[in-house]
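An overview of the molecular structure
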Amino acid sequence: TPAGWVAPTTWEDVPEPAQHPGDEQTTSLSVIDSDRNAVAITMTLGPSFGAGFCYSGVFFNNAITRFGSVTGNNWAPGRTPRSDTSPTIVLENDEVRLVSGARGSSRIPAAIVYNILYALEYGMPTREAMVAARAFPFYSSATLHIERSFPESIRTELAARGWNLTTYAPED
């Protein structure tokens, strides 16, 4: 539907969103059509379905939560909040090879790198690359966030090498 055909909507007009634990804030869409046209879109509405406001078919986020003194991304007039969304289209010789996006807040850029490496470097089918286990170092500390799907033997070896492990479900 062209955006001009959609009437402005307020929070009261929006149906309650479907509940998917850990998946209520960010949506990523990556598509390649039969003509090899590609699009990668990532949108984060933020907690509680964004600002709860829709106009001309566009939902507004509540990205004010992306500002914060801890990250050095302070509030100021005209400032744009930091964003980790990084939808990616990989080209080789001007041809689309891969389209990738991800969810997971600060883990998004690394998750996209994993998708690209698993699919293009290791030859995994796209679906397998998207759901393969991942590990994310936490800033400059010795904490490593790992998905629960890592085998216990790998977790034991990482701990033996001095990593403090934090496990999470991939949908978190």
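Structure: above.
In short, a report on the structure. Nothing here was measured: the structure is a model prediction, and the numbers come from that model.

**With respect to the pairing of strand β1 (residues 26–32)**
Judged from the 7 bridges that link them, β1 and strand β2 (residues 38–44) form a sheet pairing that is antiparallel. In the sheet register, I32 faces β2, and the bridge partner there is A38.

**Quick word on unusual backbone geometry**
For R36, which is not a glycine, the phi torsion comes out positive at approximately 70 degrees. Owing to a relative accessible area of 40%, R36 belongs among the partly exposed residues under this scheme. At D94, a position not held by glycine, the phi torsion is positive, near 65 degrees. Relative to the helices and strands, D94 resides in the loop between β5 (88–92) and β6 (95–100). Looking at D94, the relative accessible area reads 74%, which means it is exposed.

**Observations regarding helix α1 (residues 108–121)**
In a regular helix each residue adds 1.5 Å, so 14 residues correspond to 20 Å; α1 covers 19 Å between its end C-alpha atoms and thus fits that length. Of the positions making up α1, those classed as buried are I108, A111, I112, N115, Y118 and A119. Projected onto a plane normal to the axis of α1, the buried residues spread over an arc of 135 degrees and lie on a single side. Taken from the residues just after α1, G123 is the one with a positive phi, measuring 70 degrees.

**Here we look at the pattern of salt bridges**
It is possible for side chains of opposite charge to pair when their charged atoms get near one another. A full pass over the atoms with the stated rule returns 3 salt bridges. Here R97 and E92 are joined by a salt bridge, their closest N and O atoms 2.3 Å apart. We classify R97 as partly exposed; its relative accessible area is 39%. Given a relative accessible area of 41%, E92 falls into the partly exposed group. The salt bridge partner of E152 is R155, with a shortest N-O separation of 3.9 Å. With a gap of 3 residues between them, E152 and R155 both fall in helix α3 (residues 152–160), about one helical turn apart.

**Focus: the packing of aromatic side chains**
The geometry of an aromatic ring pair is captured by the separation of the ring centres together with the interplanar angle, meaning the angle of the planes. Across all of its chains, the model carries 3 aromatic pairs by this definition. Taken together, a centroid distance of 6.4 Å and an interplanar angle of 45 degrees make the contact between Y118 and Y122 tilted. According to the relative accessible area criterion, Y118 is buried, its value standing at 15%. Among the aromatic residues, those joined into a ring-pair cluster are Y114, Y118, Y122 and F136.

Conventions and cut-offs
Residues numbered from 1 in each chain as written. Predicted model: local features only at pLDDT ≥ 70, side-chain atom pairs only at ≥ 80, totals over all residues. Heavy atoms only, no water. Pairing = 2+ DSSP bridges. Helix = DSSP H or I, 4+ residues; strand = E, 2+ residues; numbered from the N terminus. Buried < 20%, exposed > 50% of the residue type's maximum accessible area, 1.4 Å probe, protein only. Expected span 1.5 Å × (residues − 1). Arc of directions from axis to C-beta. Salt bridge = Lys/Arg side-chain N within 4 Å of Asp/Glu carboxyl O. Phe/Tyr/Trp six-rings, centres within 6.5 Å; stacked < 30°, edge-to-face > 60°.

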